[in-house]
Amino acid sequence: MRRRLALPAFILLFAAMTGCTPTDSPDADVDSTEADLTIDPALLERAQDLTQRFILVDGHIDVPYRMTEYEEDITQATEGGDFDYPRAKAGGLNAPFMSIFIPADRQEIEGSAKILADSLIDMVEGFVERAPEKYAIATSVDDVRRQKEEGLISLPMGMENGAPIETLDDLRHFYDRGIRYITLTHGRDNRICDSSYDDTRTWKGLSPFGEQVVDEMNRLGIIVDISHLSDSTIFQVLRRSKAPVFASHSSARHFTPGWERNMSDELIKAMAERDGVIMINFGSSFLGGEYQQEGRALSQRIDQYQTEHNLDPRSAEGALYRERQRKLNPVGTFRDVADHIDHVVALVGVDHVGLGSDYDGVTALPAGLEDVSTYPNLVAELLKRGYSDEDIGKILGGNALRVWSGVERVAQELQQGM
Ligand SMILES: [Zn+2]
């Protein structure tokens, strides 16, 4: 089913605030079909209360990557991007995993991926140094719980792409620097395993070195993140890992048939049997096959406009143009994310689903989930669909923290030779 949105009231308001009307923009995607985005105010109020009360973990936010494009001070309200402190507070966010993202081209030059990873970790430490009254690094489940009580937003770190891991000693180095999950690869096969985006299938799953990496991650207490991996890699990881794993930012393939980047029902079941969690990606292209073309078209229109108007995407002007276009052109709605959650719950129960928005990492986002202030909209929808407060606590963060605790426990046992 194809659902196109007319511009809802909040976007017209946004346009008025930014001094730009949708008709100013040749690219605004106006359609006559009105999507109903109304939320019952009483449910929204309850949802806001729940997001503030429960620990909210987001498996994947690309703030460091965004800062390499165009820097803003995320300890204050920012004009661009999906994440900043005031919006995170408003949305009830407690523990956004900061993505230490290593593009695949860094794999080619020895040492280069590691240098980039260290510099991105420095950057996250810099956020905390700039505002220690707002942010703190979290390297354990206890840190996340304690820092919530202290009113701090925890910044745990996950490395997206294991390319910096050239030897097992590198795992120790990054553990010591605070990395608590590693997405084994990204857009291409690397020395650890095969990627869902790469047809080469270099290893037919995990490489022999990759098997050692999984073992050592278990021993140290680093979560194995199965997002971005090929299906055979995921099955091999599930067989190999002694600790539970999660998918930090993947959605259900049921809605995007044939797209390996999302998880099949079979994989979701196999992962749940090992006590894992799939953390649903909010990016429109993850939510429905029909949205992928729309999301791509939006990116192309933005690129084309920037080229034609000599707008450097890395300049403030270029970045803000992109932000405006994204917000004028939502693809899908927050209800689509609720559909993914429903699907996983129907398959394997409410203990195996969480949130991994991919904020600051995707171009097209659904209406009602524009940035980190908007989680309550999704929670209101879940309440409407009959989820209990307890279920919502699990989805918001309880499930993700259970996996992390499981990984900590297994590490302790392995280190004690149990
Ligand atoms: Zn990703």
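Residues numbered from 1 in each chain as written. Predicted model: local features only at pLDDT ≥ 70, side-chain atom pairs only at ≥ 80, totals over all residues. Heavy atoms only, no water.

(A) Highlighting the pattern of salt bridges. Per the stated rule, a full pass over the model turns up 32 salt bridges. The closest approach of N and O atoms between Arg 53 and Asp 49, which form a salt bridge, is 3.6 Å. Linking Arg 53 with Asp 49, this pair stays in helix H2 (residues 41-53), spanning 4 residues, or about one helical turn. Residue Asp 122 is joined to Arg 177 by a salt bridge in which the shortest nitrogen-to-oxygen separation is 2.7 Å. Here the residue Asp 122 occupies a position in helix H5 (residues 112-130), and Arg 177 occupies one in the loop between helix H7 (168-176) and strand S6 (179-183), the gap between them amounting to 55 residues. Taking the relative accessible area as the measure of exposure, Arg 177 reaches 18% and is therefore buried. (Salt bridge = Lys/Arg side-chain N within 4 Å of Asp/Glu carboxyl O. Helix = DSSP H or I, 4+ residues; strand = E, 2+ residues; numbered from the N terminus. Buried < 20%, exposed > 50% of the residue type's maximum accessible area, 1.4 Å probe, protein only.)

(B) Region of the structure containing the side chain of Gln 147. Mapped onto the elements of the fold, Gln 147 is located in helix H6 (residues 141-149). Side chain to side chain, Gln 147 and Ser 154 meet in a polar contact 2.7 Å long. Excluding anything up to four places from it in sequence, Gln 147 contacts Ala 136, Ile 137, Ala 138, Leu 152 and Ser 154. (Polar contact = N/O pair within 3.5 Å; in protein donor to acceptor, adjacent residues only side chain to side chain. Contact = heavy atoms within 4.5 Å.)

(C) Expanded view of the nonpolar core. Counting 97 residues, the largest nonpolar core has Phe 83, Ile 100, Leu 184 and Ile 341 as its most contacted members. The element that contributes the greatest number of residues to this core is H5, accounting for 8 residues. Apart from the residues within four sequence positions on either side, Phe 83 is in contact with Ile 61, Val 63, Arg 66, Ile 74, Thr 78, Ala 88, Leu 93, Pro 96, Met 98, Tyr 135, Asp 360 and Val 372. The next biggest cluster of nonpolar side chains, apart from the first, holds 19 residues, and it includes Ala 138, Val 141, Val 277 and Val 410. (Core = buried A, V, L, I, M, F, W, Y, C linked by side-chain atoms within 4.5 Å.)

(D) Spotlight on the packing of aromatic side chains. Scanning the entire structure with this criterion turns up 13 aromatic pairs. Geometrically, the ring pair formed by Phe 282 and Tyr 359 is edge-to-face, given 5.6 Å between the ring centres and 85° between the ring planes. Placement of Phe 282 in the loop between strand S9 (277-280) and helix H11 (284-287) and of Tyr 359 in the loop between strand S10 (353-355) and helix H15 (375-384) is noted, with a sequence separation of 77 residues between them. Side by side, Phe 282 and Tyr 359 carry an identical accessibility label, which is buried. Each ring, one from Tyr 305 and one from Tyr 321, has its centre 4.1 Å from the other, and the planes form 5°; the classification is stacked. Taken together, the positions of Tyr 305 in helix H12 (residues 289-308) and Tyr 321 in helix H13 (residues 316-328) put the pair 16 residues apart, joining distant regions of the chain. A relative accessible area of 22% places Tyr 305 in the partly exposed class. Just above the ring of Tyr 175 sits the side chain of Arg 180; from NZ or CZ to the centre is 3.7 Å. (Phe/Tyr/Trp six-rings, centres within 6.5 Å; stacked < 30°, edge-to-face > 60°. Lys NZ or Arg CZ within 6 Å of the ring centre and 35° of its normal.)

(E) Broad picture of the packing of helix H14 (residues 334-348) against H15. At a minimum axis separation of 9 Å, H14 and H15 run at an interaxial angle of 55°. In terms of orientation, H14 and H15 fall into the oblique class. Handedness of the H14/H15 crossing: right-handed. Contacts between H14 and H15 involve Phe 334, Arg 335, Val 337, Ala 338 and Ile 341 on the former and, on the latter, Asn 377, Leu 378, Glu 381, Leu 382 and Lys 384. For the contact of H14 with H15, the class distribution of residues is 6 nonpolar, 1 polar and 3 charged. (Axes fitted to C-alpha atoms, helices over the stretch in contact; angles between N-to-C directions. Parallel < 35°, antiparallel > 145°, perpendicular 65-115°, else oblique. Left-handed = near helix turned anticlockwise from the far one by under 90°. Nonpolar A, V, L, I, M, F, W, Y, C, P; charged D, E, K, R; others polar.)

(F) Highlighting the confidence of the model for the protein. When pLDDT is averaged along the protein, the result is 91; 92% of the residues meet or exceed 70. Long-range and interchain partners of residues 1-33, a stretch whose pLDDT sits below 50, account for 61 contacts in this model, where long-range means more than four residues apart. (pLDDT = per-residue confidence, 0-100.)

(G) Region of the structure containing the pairing of strand S2 (residues 95-101). Counting buried residues along S2, 7 of its 7 residues qualify, which places the element largely inside the surrounding structure. Of the two faces of S2, the one carrying Ala 95, Phe 97, Ser 99 and Phe 101 and the one carrying Pro 96, Met 98 and Ile 100 are both buried. Both strand S1 (residues 57-61) and S2 contribute to a ladder of 3 bridges, which runs parallel. In the sheet register, Ile 61 faces S2, and the bridge partner there is Met 98. (Pairing = 2+ DSSP bridges.)

(H) Molecular detail of H6. Here H6 has its buried residues at Val 141, Asp 143, Val 144, Gln 147 and Lys 148. Buried residues in H6, looked at end-on, bunch into an arc of 160°, giving them a common side. Exposed side chains of H6 directed beyond 90 degrees from the buried face belong to Asp 142 and Glu 149. After H6 finishes, the residue Gly 151 shows a positive phi value of roughly 80°. (Arc of directions from axis to C-beta.)

(I) Highlighting the environment of Asp 118. Mapping Asp 118 onto the fold places it in helix H5. We classify Asp 118 as buried; its relative accessible area is 16%. Here the alpha-carbon distance between Asp 118 and Arg 177, two residues 59 residues apart in the chain, equals 8.3 Å.

(J) Representation of the packing of H2 against helix H16 (residues 389-415) within the structure. Following both chains from N to C, one finds H2 and H16 inclined at 50°, their axes separated by 10 Å at the closest point. In terms of axis orientation, H2 runs oblique to H16. Our pair here, H2 against H16, has a crossing hand that is right-handed. Along the contact surface, H2 presents Arg 46, Leu 50, Thr 51 and Arg 53, while H16 presents Asp 389, Ile 392 and Leu 396.

(K) Examining H16 more closely. In a regular helix each residue adds 1.5 Å, so 27 residues correspond to 39 Å; H16 covers 37 Å between its end C-alpha atoms and thus fits that length. Backbone geometry just downstream of H16 places Gly 417 in the positive-phi region, at approximately 65°. (Expected span 1.5 Å × (residues − 1).)

(L) Structural detail: the side chain of Asp 143. Residue placement: Asp 143 occurs in helix H6. A polar side-chain atom of Asp 143 sits 3.3 Å from a polar atom in the side chain of Arg 146. Dropping the residues within four chain positions of it, Asp 143 is found in contact with Ile 137, Ala 138 and Ser 154.

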